[in-house]
Amino acid sequence: MSLTKKEVVAQLAEAQNLTKTQAESVLVFLSDLIHLEISQGNELLLPNVGRFSIKARAALTGRNPR
């Protein structure tokens, strides 16, 4: 089961004593930061969360099932 954005915001707000609006702002900021860093070719490491980067890989060959 995965959490929705609304559920993450609610849990973040409760855990950090923030309003839901403030918690959503934090989540949006973090998302924008990750996007900005990886779009510039940088790697972003968030301890206990994960490593974010863009990795080039070869294209897959498609197959027509007919």
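The structure this text deals with has already been given above.
The rules we used
- Residues numbered from 1 in each chain as written.
- Predicted model: local features only at pLDDT ≥ 70, side-chain atom pairs only at ≥ 80, totals over all residues.
- Heavy atoms only, no water.
- Helix = DSSP H or I, 4+ residues; strand = E, 2+ residues; numbered from the N terminus.
- Rg over C-alpha atoms; globule rule 2.2 N^0.38 Å.
- Contact = heavy atoms within 4.5 Å.
- Areas by Shrake-Rupley, 256 points an atom, 1.4 Å probe, with all protein chains shown as cover.
- Lys, Arg positive; Asp, Glu negative; His and termini not counted.
- Charge placed at Lys NZ, Arg CZ, Asp CG, Glu CD.
- Salt bridge = Lys/Arg side-chain N within 4 Å of Asp/Glu carboxyl O.
- Buried < 20%, exposed > 50% of the residue type's maximum accessible area, 1.4 Å probe, protein only.

Asker: Please explain the overall build of the protein chain as it appears in this structure.
Answerer: Counting its regular elements, the protein chain contains 2 helices and 2 strands. Walking the protein chain from its N terminus toward its C terminus, one meets helices and strands in the order α-α-β-β. A compact globule built from 66 residues should have a C-alpha radius of gyration of about 11 Å, whereas the protein chain, at 17 Å, is more than 25% larger. Excluding contacts between residues fewer than 6 apart, the proportion of contacts in the protein chain whose partners are at least 24 apart in sequence is 0%. Accessible area for the protein chain stands at about 6100 Å²; split by element, carbon and sulfur atoms hold 55% of it. Counting 8 positive and 6 negative side-chain charges, the protein chain places the averaged centre of each group 15 Å from the other.

Asker: For this particular structure, what's the right way to read the pattern of salt bridges?
Answerer: Opposite charge on two side chains lets them pair, provided their charged atoms get close. Considering all chains together, one arrives at 2 salt bridges under this definition. Among the ionic pairs, E43 bridges to R51, the shortest N-O distance being 2.7 Å. Judged by relative accessible area, R51 falls into the exposed class, the value being 53%.

Purely geometric stuff here, so don't read any function into it on its own.
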